[in-house]
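Spelled out, the chains give:
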Amino acid sequence: MAVDPLIELRDVNKHFGQLHVLKDIDLTVGRGEVVVVIGPSGSGKSTLCRAVNGLEDVESGTILIDGRPLPPEGRELARLRADVGMVFQSFNLFAHRTVLSNVALGPVKVRGRAKADAERRARELLDRVGLADQADKYPAQLSGGQQQRVAIARALAMDPKVMLFDEPTSALDPEMINEVLEVMQGLAAEGMTMIVVTHEMGFARSAANRVVFMADGRIVEDRSPDDFFTRPESDRAKDFLSKILKH
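Residues numbered from 1 in each chain as written. Predicted model: local features only at pLDDT ≥ 70, side-chain atom pairs only at ≥ 80, totals over all residues. Heavy atoms only, no water.

## Quick notes on the sheet that holds strand β7 (residues 162–166)
Spatial strand order, β6-β7-β8-β3-β9-β10: six strands in an open sheet with mixed pairing. Two strands close off the open sheet at either side, each with one partner strand: β6 (84–87) and β10 (218–223). Across the sheet, the axes of successive neighbouring strands diverge by a mean angle of 15 degrees, strand direction being ignored. Here strand β3 (residues 34–38) pairs with strand β9 (residues 210–215) via four bridges, running parallel. Residue pairing in the sheet places valine 35 in a bridge with arginine 210 of β9. Against the sheet, helix α1 (residues 45–52) contacts β3, β6, β7, β8 (193–197) and β9, and its axis sits at roughly 150 degrees relative to β7. (Pairing = 2+ DSSP bridges. Helix = DSSP H or I, 4+ residues; strand = E, 2+ residues; numbered from the N terminus. Axes fitted to C-alpha atoms, helices over the stretch in contact; angles between N-to-C directions. Contact = heavy atoms within 4.5 Å.)

## Concerning the sheet that holds strand β1 (residues 5–16)
By way of backbone hydrogen bonds, the strands of a sheet pair with one another, either parallel or antiparallel. Strand order in the open sheet made by the four strands is β2-β1-β4-β5, with antiparallel pairing throughout. Each having just a single partner strand, β2 (19–30) and β5 (68–69) make up the two edges of the open sheet. Bridge count between β1 and β2: eight bridges; the pairing is antiparallel. Counted as the bridge partner of leucine 9 is leucine 27 from β2.

## A short note on the packing of helix α5 (residues 144–156) against helix α6 (residues 174–189)
The interhelical angle for the contact between α5 and α6, taken along N-to-C directions, is 20 degrees, at an axis separation of 8 Å. Classified by the angle their axes make, α5 and α6 are roughly parallel. Every pair of crossing elements has a handedness; the one defined by α5 and α6 is right-handed. Contact with α5, carried on its side by Gly144, Gly145, Gln146, Gln148, Arg149, Ile152 and Leu156, involves Met176, Glu179, Val180, Val183, Met184 and Leu187 of α6 and no other residues of that element. (Parallel < 35°, antiparallel > 145°, perpendicular 65-115°, else oblique. Left-handed = near helix turned anticlockwise from the far one by under 90°.)

## Digging into the pattern of salt bridges
For the coordinates displayed, the defined rule picks out 24 salt bridges. Its salt-bridge partner being glutamate 8, residue arginine 10 comes within 2.8 Å of it at the nearest N-O pair. Given a relative accessible area of 41%, arginine 10 falls into the partly exposed group. Under the relative-accessibility criterion, glutamate 8 is labelled buried at 8%. For the salt bridge of lysine 243 with aspartate 239, the shortest nitrogen-to-oxygen distance reads 2.8 Å. Of this pair, lysine 243 and aspartate 239 both sit in helix α9 (residues 235–244), four residues apart, which is roughly one turn of that helix. Overlapping salt bridges, with partners in common, bring together Asp4, Arg31, Asp66, Asp83, Arg111 and Lys161 in one network. (Salt bridge = Lys/Arg side-chain N within 4 Å of Asp/Glu carboxyl O. Buried < 20%, exposed > 50% of the residue type's maximum accessible area, 1.4 Å probe, protein only.)

## Considerations on the UniProt feature "domain: ABC transporter" (unreviewed entry) in the chain
The positions UniProt marks with the feature "domain: ABC transporter" (unreviewed entry) are residues 7–241. Along residues 7–241 the backbone is 38% helical and 26% strand, and the end-to-end C-alpha distance reaches 27 Å. (UniProt positions renumbered as here; feature names shortened; annotations may be inferred.)

## Focus on the nonpolar core
By size, the foremost hydrophobic cluster in this structure holds 52 residues, and its most contacted members are Ile38, Leu126, Ile152, Met163, Phe165, Met184 and Met194. Within the second largest apolar cluster, 26 residues are counted, among which are Leu27, Val52, Val84 and Val212. (Core = buried A, V, L, I, M, F, W, Y, C linked by side-chain atoms within 4.5 Å.)

## Examining the packing of aromatic side chains
Considering all chains together, one arrives at three aromatic pairs under this definition. Summarising the aromatic geometry, the rings of phenylalanine 213 and phenylalanine 240 are spaced 5.3 Å apart at their centres and angled 50 degrees between planes, so their arrangement reads as tilted. Of this pair, phenylalanine 213 sits in strand β9 while phenylalanine 240 sits in helix α9; the two residues are 27 residues apart in sequence, bridging distant segments of the chain. This pair shows no difference in class: phenylalanine 213 is buried, exactly as phenylalanine 240 is. (Phe/Tyr/Trp six-rings, centres within 6.5 Å; stacked < 30°, edge-to-face > 60°.)

Structure, rendered in structure tokens:
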């Protein structure tokens, strides 16, 4: 059990029609922990990630963030969601706003910060993700890897308690993947609490405190990266690893 739980899922279930996508999920993520969620396509990884900040509602079970249950909707949910940064596969940047404006917008609109303060902080965060010189450009002028780093800076601008990454590199060309993973490695090293759904096994090995392996809507294994990659217990995990580690 995590010493200081920041995120707790207790007996969470979710269906899409007849499909049971999350089955009795129990997961606790401690403050400062990096949990990487891996597994075959369709195993429920992204749904799990989206359930944590209320983008997917769940039919049963409880989701707690920092000891508070996820509210069903409305202003309370928006407030809690502001504490949960989310980075998606697609960058979801506003095309008609500059990079700087993309990063500064949330703190002004949601947190009520002064525009000048928000922009100063946005410049600091762009510097942190290696894009200080791109502040006045528009998203279409950036590479995919740069856009994803802007999306990370935008999520960080809200000062979230936890960052969720849903396959943040899967839409990127191979040469851009590392520049995004390096930013994520830096966040992990600084103690940011993170849940990362990814196919990047190198990142899972080096940055994760725990690897959660999902298959068919269930958590099959939840172990240290070293244990999971060298001594998987379940046949599902052994099969999965044998397929991906050959490449």
